[in-house]
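What follows is the residue order along each chain.
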Amino acid sequence: MAIAYGSLLFTGSLHIEDEIKQGLIWHEMTGFSSLKYLPSIISIIISIICYRFIIKALRNKLPELFATKGYFAYVVIIISLVAFPILNLLDEYFRINWG
């Protein structure tokens, strides 16, 4: 979702991901424009809930990760930069076909 909306913000074109495509299909089937955004909103809410659980578990299990304010942000940025190419590769080769 971040890639899709980031593409819209920075390039002006919307990168179609599963949630956006599903919302467009629901909109075409029913005519309700609010259904265009429903899968994206649900995905964002689920992501936020999962993120909160992960942060809470990390605070309990690895308190030294949060000892200094900048350390956690640094670790997240580095892990994200390493993980994005791997996740994109996995997404291309092991995509779930919902259709």
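Basis of the calculations
Per chain, residue numbering runs from 1 following the sequence as it is written. For a predicted model such as this one, the threshold for reporting local features is a pLDDT of at least 70, and the threshold for listing and counting side-chain atom pairs is 80 or more; totals across whole chains, interfaces and linings nevertheless cover every residue. The basis for every side-chain value is the complete set of non-hydrogen atoms in the structure, without hydrogens or water. Put simply, DSSP marks the helices as runs of H or I at least four residues long and the strands as runs of E at least two long, and each gets a number from the N terminus on. The rule is simple: take the accessible area with a 1.4 Å probe, protein chains only, and divide by the maximum for that residue type; under 20% is buried, over 50% is exposed, in between is partly exposed. Residue contacts are counted whenever heavy atoms from the two residues lie within 4.5 Å of one another. In short, Shrake-Rupley with a 1.4 Å probe defines the accessible areas, and a residue's cover is counted only from the protein chains shown. The criterion for an aromatic pair is that two Phe, Tyr or Trp rings (for Trp, the six-membered ring) have centres within 6.5 Å, with stacked assigned to planes under 30 degrees apart, edge-to-face to planes over 60 apart and tilted to the rest. Think of it as a cone above the ring: NZ of Lys or CZ of Arg counts as a charge over the ring if it is within 6 Å of the ring centre and within 35 degrees of the ring normal. Under the convention used throughout, the expected extent of a helix is 1.5 Å for every residue step, that is, one less than its residue count. What is called the bend at a residue is the angle between a pair of axes, fitted to the seven residues leading up to and ending at it and to the seven starting from it. Among the buried residues, those of types Ala, Val, Leu, Ile, Met, Phe, Trp, Tyr and Cys that are joined through side-chain atoms within 4.5 Å form a nonpolar core. pLDDT is a residue-level measure of predictor confidence that goes from 0 to 100.

When helices and strands are counted, the protein shows four helices and zero strands. Secondary structure of the protein in N-to-C order comes out as α-α-α-α. Evaluated residue by residue, the protein yields a buried proportion of 15% over its 99 residues. The long-range share in the protein, meaning contacts at least 24 apart out of those at least 6 apart in sequence, stands at 16%. When the accessible surface of the protein is split by element, carbon and sulfur atoms take 70% of a total near 8300 Å².

A full pass over the atoms with the stated rule returns one aromatic pair. Ring geometry for Phe66 against Phe72: centres 4.6 Å apart, planes inclined by 25 degrees, an arrangement best described as stacked. Over the face of the ring belonging to Phe66 we find Arg59, whose NZ or CZ atom lies 4.4 Å from the ring centre.

It is worth spelling out helix α4 (residues 69-93) at this point. Here α4 spans 37 Å end to end across 25 residues, near enough to the 36 Å set by a 1.5 Å rise per residue. Of all the bends in α4, the greatest, near 35 degrees, is centred on Ala83, and the proline Pro85 appears no more than four residues after it.

Let us now look at the environment of Gln22. Inspection of the secondary structure puts Gln22 in helix α2 (residues 18-30). Take Gln22: its relative accessible area is 30%, and that puts it in the partly exposed class. Sequence separation between Gln22 and Leu38 is 16 residues, and the spatial gap between their C-alpha atoms is 9.2 Å.

Another aspect to go through is the nonpolar core. Within the largest apolar cluster, five residues are counted, these being Ile55, Leu65, Phe66, Phe72 and Val75. Apart from residues no more than four positions distant in its own chain, Ile55 is found in contact with Phe66 and Phe72.

Attention now moves to the environment of Asp18. Among the structural elements, Asp18 can be located in helix α2. Asp18 gets classed as partly exposed once you look at its relative accessible area, which sits at 36%. For the pair Asp18 and Ser40, spaced 22 residues apart in the sequence, the C-alpha separation amounts to 9.1 Å.

Overall, the predicted model of the protein reaches an average pLDDT of 81, with 79% of residues at or above 70. Here helix α1 (residues 2-11) stands out as the least confident element of the protein, with mean pLDDT 65; helix α3 (residues 38-61) is the most confident, with 90.

A separate point is α3. Because an α-helix completes one turn every 3.6 residues, residues spaced three or four positions apart along the sequence face the same direction. Compared with an ideal rise of 1.5 Å per residue, which puts 24 residues at 34 Å, α3 spans 35 Å between its outermost C-alpha atoms and is within 8% of the ideal. Listed in full, the buried residues belonging to α3 are Pro39, Ser40, Ser43 and Ile55.

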